[in-house]
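# Secondary and tertiary structure notes
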Amino acid sequence: MDFFLLFCKLCRQIRRNPMRKITVLLFVYIFLNILNINALEYEIYDSSDTASYLVAREIVDLVKSKENQPVVLGLATGGTMTSVYSHLKNIIKEECLDLSHVITFNLDEYLDLPLSDPESYHSFMFTNLFETILYSEQNPKGIKRENIHFPNEQDVDLYDKMIESYGNIDLQLLGIGRNGHIGFSEPGTPFDSTTFVVELHQTTREDNARFFGGDVNNVPKKAVTMGIKTIIEAKKIILLAFGDSKKEAVKNAINGEISTDIPASILQKHHNTKFMLDKDAAQLLQNQETIHLFNGKFLKDGKIQPGELWIQNGKFVSEKNNCEIQIDLNGNIVAPGFIDLQINGAFGCDFSRNPEQIEEAAKGLLQYGVTAFLPTVVSSTPETYSKILKKLQPRSYGSSGAEILGIHLEGPYFSSQYGGAHDQFVLQDHYLNDINSIYGDLEGVKIVTLAPEITNGISLINELSARGIVVSMGHSAATYVEALNGIEAGALLATHLFNAMTPYHHRNPGIIGAALIEPKLNYSIIVDGFHLCPETVKLCYQLNPQGLILVTDATEALGLKDGIYHLGNKCTEVLGNKIYIAGSSTIAGSNISMNMALKNLIIFTGCAIEEALEAASKKPAQLIGIYPTKGSLEVGADADFVVLSDSLDVIETYIGGELSFQQGG
Ligand code: F6R
């Protein structure tokens, strides 16, 4: 039986009879199992501390979301977990989190080591987490002692039964051993194991010798550990791995065969597991095979020209013989992947409102040829910045999503006259010479849009530029002279030129005049045919083609149908290509995709395809200082590229040399 035809038939039946939905879902589940389609999700972070923070945040959000029901956490120990628990303690304290409904089950415990020993996992957990969050009269919201569980040799069966009695673990944290163990389930442990006593392998004891004065003989020989069956019954699993020593285990777990030789490989079968890695632990996830791209037209040196390219370890390399993978491009155009420097959201994720769903947006953007982007945050309060900026930190999703390069902070140092869709109540017309007072930590921020004419605006530009952050001028009533002062202080860009700024006046050309005649200033434009009429786009192009950078300024409605959506804390109404703050005539971002903007640019201006492609790839990369690593097809660059038809439809998108989107795929 052709599975696809059967699947289509069942889909039609759903429409006729919704009761059959469950049957169909079951069918899909079995179908995927037959095909053994087990793509494990992973995220690669520049900083392991950011990954640890995000895990802590996720635990806190889970605890909050289940206010009056038990929340069951499976906890791990080991070096990797220490920074997770340190962030967790801080957030719990800052937010006075109620832990009265939290139940914890630890993964494992050494045998033949008294619980009071500082290296027992019991001591580890109390020192690193429980001591400061335990219930007491002074801390009535703390976790109850009786809700904290560790496995012990005597009651292995009881341990599993207790976990089961709570309906299994809601969120299980895991580290990974160099040999691929999870918990202390060492290689060879059957996948259907429940809590059991294990003899620790030599590698595990050697690795843990660092906690025992460096002497492997001091490391206990046995432990009691949660079994693999118990672990994979958890509703969600997050595995953290940092450092070079974990790279083989991570590669085998994610890309290897599912085998008891690598216990963590069973996670490929778990429907809700995420690996959170740093670059060292992820280094072997890149395709090691050499790839040869041929029969294409490549954008190189500003010209689309026939040629070939070679890829190894995720990067373009010079000519290679005998490549393992040959890709025939069928005469299509190959350009560097598009980079969107201003995008507020997509596919139902508004980065200022529900940043935890950014992965959905990152995945969706691939179909438009976007391989990297700067999630953009609307003008917000210090409380909001402190909550969301950590969630938007740089990370790569491998080939399953566009890379997050950092953050674009749009506001709040704006002219109140040109606040546009931003919340008037949070705008600041005065910089108080304390950058952290509003934004908090600027880690991961790549661009800040501000109005140079606000009080102390120039010192704000100086301060941001000195930190290597690109300053863009926008939402501004700046005069031409004020705009020049901004450029002098370091501003490199004008944000969505013409929109939300003083209109061009023949005796006061403002930022618009500066952007169109000052070669030092780049400018971004939204080419959706609505923010700017085609003639204005043409004017920009004709006066300063070099400075033109395409941005979408898209909102969460990108990729979705007309309806009611959000931009920050405001509701928006989407009708065709027009988005307004609900019930008003204030324009609120766009729903244009990058490849549509690119096509529009060519239609509106008559520019060459090469110029349009560079306005979406090379130019944004240059502006934020990542060219030629990104935004180019040169040897040494990241192999992030888009394959386009002659009519500039996206046929395929590749990240790190791996196919990440295919039209009709
Ligand atoms: C600890 C545990 C182990 C560790 C793993 C990594 O509870 O279950 O699986 O997570 O051995 O240890 P570190 O983080 O020390 O490298």
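Residues numbered from 1 in each chain as written. Predicted model: local features only at pLDDT ≥ 70, side-chain atom pairs only at ≥ 80, totals over all residues. Heavy atoms only, no water.

## A short note on the sheet that holds strand 4 (residues 108–110)
This is how it is decided: At least two bridges found by DSSP between two strands is the condition for calling them paired. Secondary structure is summarised from DSSP: a helix means a run of H or I of at least four residues, a strand means a run of E of at least two, and numbering begins at the N terminus for each. To obtain each axis, a line is fitted to C-alpha atoms, and for helices this fit is confined to the stretch in contact; angles are then taken between N-to-C directions over 0 to 180 degrees.
Pairing in this open sheet of three strands is antiparallel, and the strands run 4-8-7 from one edge to the other. A strand with exactly one partner marks an edge of an open sheet, and here the two such strands are strand 4 and strand 7 (196–199). Put simply, the sheet's adjacent strands are angled 25° from each other on average, direction ignored.

## What about the pattern of salt bridges?
Put simply, the test is: Whenever a carboxyl oxygen of Asp or Glu lies within 4 Å of a side-chain nitrogen of Lys or Arg, that contact is scored as a salt bridge. Remark: exposure states derive from per-residue accessible area (1.4 Å probe, protein chains only) relative to the maximum for the residue type, with buried under 20%, exposed over 50%, and partly exposed in between.
Counted under the stated rule, the structure contains 25 salt bridges. With its nearest N and O atoms 3.8 Å apart, the salt bridge here joins glutamate 58 to lysine 274. On the criterion of sequence distance, the pair formed by glutamate 58 in helix 3 (residues 48–65) and lysine 274 in strand 10 (residues 273–278) is long-range, its members being 216 residues apart. Here glutamate 58 falls in the partly exposed class, since its relative accessible area comes to 23%. The partner of lysine 235 in a salt bridge is aspartate 170, and the shortest N-O contact between them spans 3.0 Å.

## Focus: the site of the ligand
Note the threshold: Residues are counted as near a molecule or strand when any one of their heavy atoms sits within 4 Å of it. Pairs of N or O atoms within 3.5 Å make up the polar contacts considered here, provided that, within protein, one atom can donate a hydrogen while the other can accept it, and that residues adjacent in sequence are counted only when both atoms are side-chain atoms. The accessible surface values rely on the Shrake-Rupley method and a 1.4 Å probe; as for residues, cover is taken only from the protein chains in view. Each residue gets one of three labels, nonpolar for Ala, Val, Leu, Ile, Met, Phe, Trp, Tyr, Cys and Pro, charged for Asp, Glu, Lys and Arg, and polar for the others, Gly among them.
In the vicinity of the ligand there are 15 residues, among which Thr77, Thr80, Asp108, His181 and Lys246 approach most closely. The contact in question runs from an oxygen atom of the ligand to an N or O atom on the side chain of aspartate 108, over 2.6 Å. Notes on the ligand: free accessible area 410 Å², of which the protein chains cover 95%. The residue makeup of the shell around the ligand, split by class, is five nonpolar, seven polar and three charged.

## Regarding empty space enclosed by the protein
In plain terms, the rule: Cavities and pockets are defined on a 1 Å grid built over the protein atoms alone: a cavity is a set of grid points where a 1.4 Å probe fits but cannot escape, while a pocket is an open set with protein on both sides within 12 Å along at least five of seven lines, and lining residues are those with an atom within 4 Å of any such point. Grid points are joined across faces, edges and corners, and a volume is the space filled by probe spheres set on the points.
Tallied over the full model, the rule gives three cavities of 30 Å³ or more. The volume enclosed by the largest cavity comes to roughly 90 Å³. Around the largest cavity sit 14 residues that line it, and Leu73, Leu88, Leu99, Val102 and Ile133 are the ones nearest its centre. When residues of the lining of the largest cavity are assigned to their parent elements, the largest contribution, three residues, is made by helix 5 (residues 121–133). Partitioned by chemical class, the residues of the lining of the largest cavity number 13 nonpolar, one polar and no charged. When its volume is computed, the second largest cavity comes out at roughly 40 Å³. Pro336, Gly337, Ile339, Thr371, Lys630, Gly631, Ser632, Asp638 and Asp640 are the residues that line the second largest cavity. Partitioned by chemical class, the residues of the lining of the second largest cavity number two nonpolar, four polar and three charged.

## Topic: the confidence of the model for the protein chain
Residues shown with low pLDDT carry predicted positions that ought not to be read at fine detail. The cut-off we apply is this: A residue's pLDDT is the predictor's confidence in that residue, given on a scale from 0 to 100. Any pair of residues with heavy atoms lying within 4.5 Å of one another is described as a contacting pair.
Confidence along the protein chain averages 94 in pLDDT terms, with 94% of residues attaining 70 or more. Below a pLDDT of 50 lies the segment residues 1–19, which in the model reaches twelve contacts outside its immediate sequence neighbourhood of four places, other chains included. Low pLDDT, under 50, characterises residues 21–26; the predicted model gives this stretch three contacts beyond four residues in sequence or across chains.

## Notes on the nonpolar core
Operational definition: Throughout this description, the term nonpolar core refers to a set of buried Ala, Val, Leu, Ile, Met, Phe, Trp, Tyr and Cys residues connected via side-chain atoms within 4.5 Å.
Counting residues in each nonpolar core, the largest one holds 101 residues, and the members touching the most others are Phe373, Leu409, Leu497 and Leu550. Ranked by residue count, the leading element in this core is helix 18 (residues 594–605), at six residues. Discounting residues that sit within four places of it in the chain, leucine 497 has contacts with Ile511, Ile512, Ala515, Leu516, Tyr523, Ser524, Ile525, Leu532 and Cys540.

## Here's the deal with unusual backbone geometry
Generally, phi is negative for residues other than glycine and the peptide bonds are trans, each holding for most cases. Following glycine 411, the chain continues into proline 412 via a peptide bond in cis, with omega recorded as 5°. Within the secondary structure, proline 412 sits in the loop between strand 22 (407–410) and helix 13 (435–439). Here tyrosine 627 and proline 628 are connected by a cis peptide whose omega angle stands at 5°. Within the element layout of this structure, proline 628 appears in the loop between helix 20 (618–623) and strand 31 (641–644). Although it is not a glycine, asparagine 295 adopts a positive phi angle of roughly 60°. Position of asparagine 295 relative to the elements: it lies in strand 11 (residues 291–300).

## Section: the side chain of asparagine 106
Take asparagine 106: it is sitting in strand 3 (residues 102–106). If we skip the residues at most four places from it in the chain, asparagine 106 touches Leu75, Ala76, Thr77, Met125, Phe130, His149, Phe150, Pro151, Tyr159 and Met226.

## Digging into the environment of alanine 557
Structurally, alanine 557 is set in the loop between strand 27 (548–551) and strand 28 (563–567). On the basis of relative accessible area, alanine 557 is assigned to the buried category, the value being 1%. Sequence separation between alanine 557 and glycine 348 is 209 residues, and the spatial gap between their C-alpha atoms is 6.2 Å.

## Focus: the sheet that holds strand 30 (residues 578–581)
The antiparallel open sheet is built from three strands, whose spatial order is 28-29-30. Looking at strand neighbours, the two that pair on one side only are strand 28 and strand 30, the edges of this open sheet. Averaged over neighbouring strand pairs, the angle between their axes works out to 35° when direction is ignored. In the sheet, strand 29 (residues 570–575) pairs with strand 30 via four bridges, with the strands oriented antiparallel. Following the sheet pairing, leucine 575 is matched in strand 30 by lysine 578.

## Let's talk about the packing of helix 3 against helix 4 (residues 82–94)
Short version of the rule: Note on angle classes: values under 35 degrees are labelled roughly parallel, values over 145 roughly antiparallel, values of 65 to 115 roughly perpendicular, and the remainder oblique. Each helix crossing is assigned a hand: it is left-handed if the near helix lies turned anticlockwise from the far helix by less than a right angle, otherwise right-handed if that turn is clockwise.
Taken N-terminus to C-terminus, the directions of helix 3 and helix 4 make an angle of 50°; their axes are 8 Å apart at the nearest point. Considering their axes alone, helix 3 and helix 4 lie oblique with respect to each other. Regarding helix 3 and helix 4, the two cross each other, and that crossing is right-handed. Of helix 4, the residues touching helix 3 (which contributes Asp49, Ser52, Tyr53, Val55, Ala56, Arg57, Ile59 and Val60) are Ser83, Val84, His87, Leu88 and Ile91. Of the residues belonging to the contact of helix 3 with helix 4, the class tally is eight nonpolar, three polar and two charged.

## Considering the packing of helix 15 (residues 480–489) against helix 16 (residues 510–517)
At a closest axis distance of 7 Å, the pairing of helix 15 and helix 16 adopts a crossing angle of 55°. Compared by their axis directions, helix 15 and helix 16 come out oblique. Pair helix 15 / helix 16 crosses with right-handed handedness. Contacts between helix 15 and helix 16 pair Tyr480, Ala483 and Ile487 from the former with Gly510, Ile511, Gly513, Ala514 and Ile517 from the latter. Here the residues of the contact of helix 15 with helix 16 sort into six nonpolar, two polar and no charged.

## A word on the packing of aromatic side chains
Worth spelling out the cut-off: Classification of ring pairs rests on two measures: the distance between centres of Phe, Tyr or Trp rings, Trp counted by its six-membered ring, which must be within 6.5 Å, and the angle between planes, read as stacked under 30 degrees, edge-to-face over 60 and tilted in between. Distance and angle both matter: a charge sits over a ring if NZ of Lys or CZ of Arg is within 6 Å of the ring centre and within 35 degrees of the ring normal.
This structure, assessed with the given rule, holds 16 aromatic pairs. Arranged with centres 5.5 Å apart and planes meeting at 75°, the rings of phenylalanine 105 and tyrosine 159 form a pair that is edge-to-face. Taken together, the positions of phenylalanine 105 in strand 3 and tyrosine 159 in helix 6 (residues 156–165) put the pair 54 residues apart, joining distant regions of the chain. Assessed through its relative accessible area of 0%, phenylalanine 105 is described here as buried. For the pair tyrosine 110 and phenylalanine 184, a centre-to-centre distance of 5.7 Å together with 40° between the ring planes defines the contact as tilted. With tyrosine 110 in strand 4 and phenylalanine 184 in the loop between strand 6 (171–174) and strand 7, this pair connects stretches of sequence that are 74 residues apart. Of the two residues, tyrosine 110 and phenylalanine 184, both sit in the buried class. Put simply, the rings of Tyr110, Tyr121, Phe184 and Phe212 touch in pairs and so form one group of aromatic residues. For the cation-ring pair, lysine 390 lies above tyrosine 53, with the distance from its terminal atom to the ring centre recorded as 5.3 Å.

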